[in-house]
Every structure is written in C-alpha cells, then in structure tokens.
2 protein chains.
Amino acid sequence: MKEINRYKSVIAYHGSGFSGYQVQPNKRTVQLEIERVLTTINKSDTKIVSSGRTDAGVHAHGQVIHFDSELLLNGQEWCCALNAMLPEDIVAKSVERVKLDFHARYDVTQKEYRYVVQQVIVRDPFSRHLVAQVRQTLDIEKMQEAAHQLVGKHDFSSFCAANTSVVDKVRTVIAIDIRELAGARIEFRVIGTGFLYNMVRIIVGTLLEIGTGKRTVDEMGVILEAKDRTIAGKTAPAQGLYLWEVRYIE
Amino acid sequence: MKEINRYKSVIAYHGSGFSGYQVQPNKRTVQLEIERVLTTINKSDTKIVSSGRTDAGVHAHGQVIHFDSELLLNGQEWCCALNAMLPEDIVAKSVERVKLDFHARYDVTQKEYRYVVQQVIVRDPFSRHLVAQVRQTLDIEKMQEAAHQLVGKHDFSSFCAANTSVVDKVRTVIAIDIRELAGARIEFRVIGTGFLYNMVRIIVGTLLEIGTGKRTVDEMGVILEAKDRTIAGKTAPAQGLYLWEVRYIE
C-alpha cells in the first residue's frame with residue numbers, strides 16, 4: 001500500500017457561478033468542482049475539507065482546503081495539474097504538503113473577510129458581481145466609530161442569521177477596519193477567530209445603515225446588547241463579500 | 001399627430017452576456033434589450049441606431065445610440081425609466097435631446113477604444129471577463145515604440161479580419177497610448193476616426209507579441225506595409241476590449 005500525503009491548498013473563486021461552496025444535489029458548487037478534478041488526478045474518489053463553507057455568490061480570495069493523495073508532487077506541479085482542469089472561476093493559488101494531522105477547519109485560528117461597497121450614481125455593469133453598489137455617500141468615520149463597538153468577545157446573536165442551529169453565539173472580533181479604495185469603493189476588513197452564519201454580511205449591512213445616516217452610531221451598542229437578529233440591519237448582498245484569508249497555528 | 005423628438009444616449013454594457021451588439025435571430029444582444037425597453041416606454045415599436053456594432057464579449061464604457069420618441073422627458077427622467085427596466089449588464093449613463101438630423105453612426109468624428117491586459121502568475125478568476133490575462137511580463141516601451149508606427153493615415157489591411165466586405169481599408173489612427181494601471185494591468189488606448197473589423201484587437205494582439213519578445217519592434221512597419229492579415233499577430237480576446245468613447249461634431 002502506498003503512503004498517503006496530506007496537502008493544504010489556498011484557492012480563490014468567483015462566487016457568482018456557484019450555489020455556494022458546499023456540495024448539494026444537482027447544484028454547481030465549488031467543492032463539487034474541486035473534488036471532481038482531484039478524483040481524476042488521484043484516480044480514486046477524493047474528498048476535500050475546507051476552512052468553512054461560503055454562501056452562493058460569496059467570493060474567496062484565500063479559502064483553504066486540505067485533501068489526501070498517494071501522489072507525491074510539489075506545489076507547482078499540483079497547481080499546474082489543478083489549474084489545467086479546474087473551471088475558469090476557481091484557481092489553486094498554492095499547494096503545500098502538510099502533516100497528516102493538519103485539518104483545514106479545526107486548526108483555523110483566524111479568518112479575515114473583506115466586503116467591498118461601491119458608491120455609484122448610476123449602477124456599474126462591470127462590477128455588479130464583484131461589489132455591492134450603493135447610491136448614497138457613506139460616512140466612513142461614523143461607520144468606523146460604530147464598528148469599534150463590535151471589537152472584542154461578545155454574544156453576536158443580533159448578527160447571526162435566524163435560521164441557524166448554533167447554540168453558542170459568543171465570538172471574538174479582532175478588528176474591523178474601513179478604508180477607501182480607488183473608484184469610489186469602500187472596503188470593510190473584518191478579522192475574527194470565528195464567525196456565525198451571515199455575521200459579516202449583517203455587520204456590514206448594519207454599518208451601511210449607519211453610514212447613510214439611517215441609524216445613529218450609538219445604535220450599534222444597543223443592537224449588540226439586544227441579542228436579537230430583528231434589531232440589526234439588513235444582510236448585505238453576497239456579491240460584496242470575500243473570504244480573504246484563513247490563518248492557522250504556525 | 002404628436003411631435004417627434006430625437007434623443008442621444010450614452011450607454012455602457014458588460015459584453016460577456018451578449019452575442020454582440022447587433023440584433024440576431026434567437027440571440028441575446030444589446031440592441032434587442034434596449035429596443036425592447038424603449039418599445040415598452042414609447043408604447044410603439046422603437047428602433048435604435050448605434051455608433052457601430054461591437055462583437056460578442058466586447059464591452060462598452062461609452063457606446064452612443066440615438067432613438068426617436070413622442071415623449072418629451074429630460075435626461076434624468078429618461079435614465080431613470082431606462083435603468084429601471086434594462087437588465088443589470090446594460091446601463092444608460094446619459095440621455096439628451098438632440099436635433100432631428102443627429103445620427104449616431106454617420107456623425108461620428110472619433111472613437112476611442114481601450115484594451116486592458118493583466119499580467120498574472122496564476123489566472124485571476126475575478127477579472128476573467130473584464131481583461132485579457134497574460135502570463136508573460138510585457139515590455140511597455142517596445143510596444144509603445146511599435147505602436148507609434150501605426151499612427152497616421154494608412155492602409156490597415158493587415159489589421160482587418162479577413163472575412164469583411166469593406167473595400168477601402170485606409171483609416172486614420174490618431175493616437176495609441178500604452179500605460180500601466182494598478183494591479184499589474186496595462187491599458188492600450190487607441191483613438192481613430194474609424195476602425196476596420198477587429199482592427200483594435202489585431203493591433204493589440206500584434207503589440208502583445210512584440211511586448212513578450214516574440215516579434216521585434218521593427219516588424220510592425222513590415223506588417224503594416226504587407227497589407228496582409230496573415231502577417232500580423234493573433235486577434236486579442238474580446239473580453240479585454242472596451243468601446244470607451246465616441247465623439248461627434250460639436
């Protein structure tokens with residue numbers, strides 16, 4: 001019997017063409033496409049494990065997966081093989097051999113999400129799958145001030161989709177930074193040790209309502225305290241969200 | 001009988017979802033989508049005239065059309081009405097009432113095309129419909145030097161798709177500028193009084209072969225002189241091309 005090798009891979013994907021990351025019957029998903037290619041390369045049924053799922057339309061700049069293979073290839077060989085066979089909306093950015101006990105989900109220490117909003121006068125047909133477009137001008141200072149109230153260890157029940165089975169809703173947000181990019185774009189960077197379902201999109205949706213003046217800065221603390229999803233803002237649309245980076249124990 | 005008004009409109013579209021600009025049976029085209037919306041607004045069959053067609057996958061940042069209507073609306077009213085009904089990959093950027101003898105195709109004095117190339121190590125799934133991606137590093141100075149040889153009034157037979165019925169292939173190129181953008185992107189700006197079929201894409205395709213060192217700078221003059229399409233470089237892919245601006249007599 002041949003030796004088994006475990007590989008960690010950083011992948012990027014454009015989420016618009018997928019019904020999310022996770023395999024679902026009769027749907028095109030990221031996991032399905034990657035497992036199909038790896039099964040061909042390995043010549044045996046191969047499953048992958050990711051750092052976590054992403055929703056339909058959500059992008060990944062740096063999703064991390066692991067998989068096992070009897071093949072002993074270096075990173076460049078794996079990337080060439082994978083990228084030659086993967087569809088155009090998924091790319092393997094790196095592959096490295098790791099210890100057999102590495103686990104792409106259990107070993108995560110931090111995740112960074114980014115959310116990009118473009119302030120437009122008329123809608124921009126070129127960025128519609130890559131950013132969320134808003135007609136209003138956003139007050140970055142107010143949003144940053146409100147965002148600070150979320151940093152730390154809190155019960156984020158107000159920022160968790162109602163249809164979830166998770167019981168413990170305490171999470172730690174390490175940082176939320178908001179900065180202007182070129183082209184009237186604003187980028188929200190949210191770093192945490194873990195996130196609840198739709199948490200980043202509900203945080204951003206609430207910050208956008210503060211940024212447009214629909215809500216005050218002080219409401220953020222009230223929303224956090226309420227531990228009630230119905231009090232927070234709308235869930236921001238999927239197409240602005242990027243799973244940017246997943247960090248592991250060194 | 002009501003008075004007829006003529007309107008000039010600047011439109012933008014993301015070309016990937018269309019089988020080009022011009023109406024074709026059983027195909028989704030830009031012209032078809034706009035005429036369908038205008039016919040609804042005008043409550044009578046409405047045709048549009050553009051500055052010229054664009055191919056499948058080619059984008060427009062500033063295509064110009066004209067249409068007639070009995071309605072007397074201001075620019076903002078037209079834009080609101082159009083953008084509420086147009087699909088997400090087309091947007092009306094401006095509409096203005098013009099003289100009845102204005103013609104979006106016959107009155108063109110200059111057109112500007114832009115072509116965007118992104119130098120990548122691994123392919124970028126986020127920009128694949130918006131730029132052409134190349135693996136090699138491009139020598140901008142060499143491409144600029146070669147491009148200068150095309151400026152002026154020339155027979156551009158070498159830079160015209162073979163399957164065209166146009167007889168006179170003399171055109172005037174006013175400027176070709178090549179500059180670096182952020183994100184390892186290079187933008188080619190080509191301004192002329194008129195263009196042959198695929199002319200910009202063949203010019204860029206040839207410049208790319210010079211930029212990667214596959215051809216020398218001096219070959220450009222030889223190619224122009226040859227008046228033979230088979231001598232020039234490959235037609236650069238559609239997704240990097242933008243009809244950027246159309247200019248008219250003031």
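Residues numbered from 1 in each chain as written. Chains lettered and ligands numbered in written order. Predicted model: local features only at pLDDT ≥ 70, side-chain atom pairs only at ≥ 80, totals over all residues. Heavy atoms only, no water.

1. Things to note about the relation of the copies chain B and chain A
Between chain B and chain A, the superposition needs a rotation of 180 degrees and an axial shift of 0.0 Å, giving an RMSD of 0.0 Å. Such a turn and shift between the copies fits a two-fold axis. Looking at chain B, 100% of its interface residues are interface residues in chain A too, so the copies touch through the same face. (Least-squares fit on C-alpha atoms with pLDDT ≥ 70 in both. Contact = heavy atoms within 4.5 Å.)

2. Observations concerning the packing of aromatic side chains
Under the defined criterion, the tally for this structure stands at 18 aromatic pairs over all chains. Of the aromatic side chains, those joined through ring pairs into one cluster are Tyr7, Phe67 and Trp78 of chain A. (Phe/Tyr/Trp six-rings, centres within 6.5 Å; stacked < 30°, edge-to-face > 60°.)

3. Focus on the interface of chain B and chain A
Counting from both sides, the interface comprises 21 residues of chain B and, opposite them, 21 residues of chain A. On the chain B side of the contact with chain A, Arg123, Phe126 and Arg128 of chain B bury the most area, a combined 41% of that side's loss. Counting across the chain B and chain A interface gives two salt bridges. Between Glu88 of chain B and Arg128 of chain A there is a salt bridge whose closest N-O contact spans 3.9 Å. Applying the counting rule to chain B against chain A returns nine residue pairs in polar contact (both at pLDDT 80 or more). Sorting the residues of the side of chain B that touches chain A by element identifies strand 1 (5–13), strand 3 (59–69) and strand 4 (90–98) of chain B as the ones contributing at least two each. Considering only residue class, the side of chain B that touches chain A consists of 13 nonpolar, four polar and four charged. (Buried area = accessible area lost by both parts, 1.4 Å probe. Salt bridge = Lys/Arg side-chain N within 4 Å of Asp/Glu carboxyl O. Polar contact = N/O pair within 3.5 Å; in protein donor to acceptor, adjacent residues only side chain to side chain. Helix = DSSP H or I, 4+ residues; strand = E, 2+ residues; numbered from the N terminus. Nonpolar A, V, L, I, M, F, W, Y, C, P; charged D, E, K, R; others polar.)

4. Some remarks on the nonpolar core
Core analysis: the biggest nonpolar cluster contains 68 residues, and Ile34, Leu82, Met143, Phe159, Phe188 and Leu207 of chain B have the highest contact counts within it. Counting residues per element, this core draws most heavily on helix 4 (residues 199–211) of chain B, at eight residues. Tyr13, Val64, Cys79 and Met199 of chain A belong to the second-largest nonpolar core, a separate cluster that totals 67 residues. (Core = buried A, V, L, I, M, F, W, Y, C linked by side-chain atoms within 4.5 Å. Buried < 20%, exposed > 50% of the residue type's maximum accessible area, 1.4 Å probe, protein only.)

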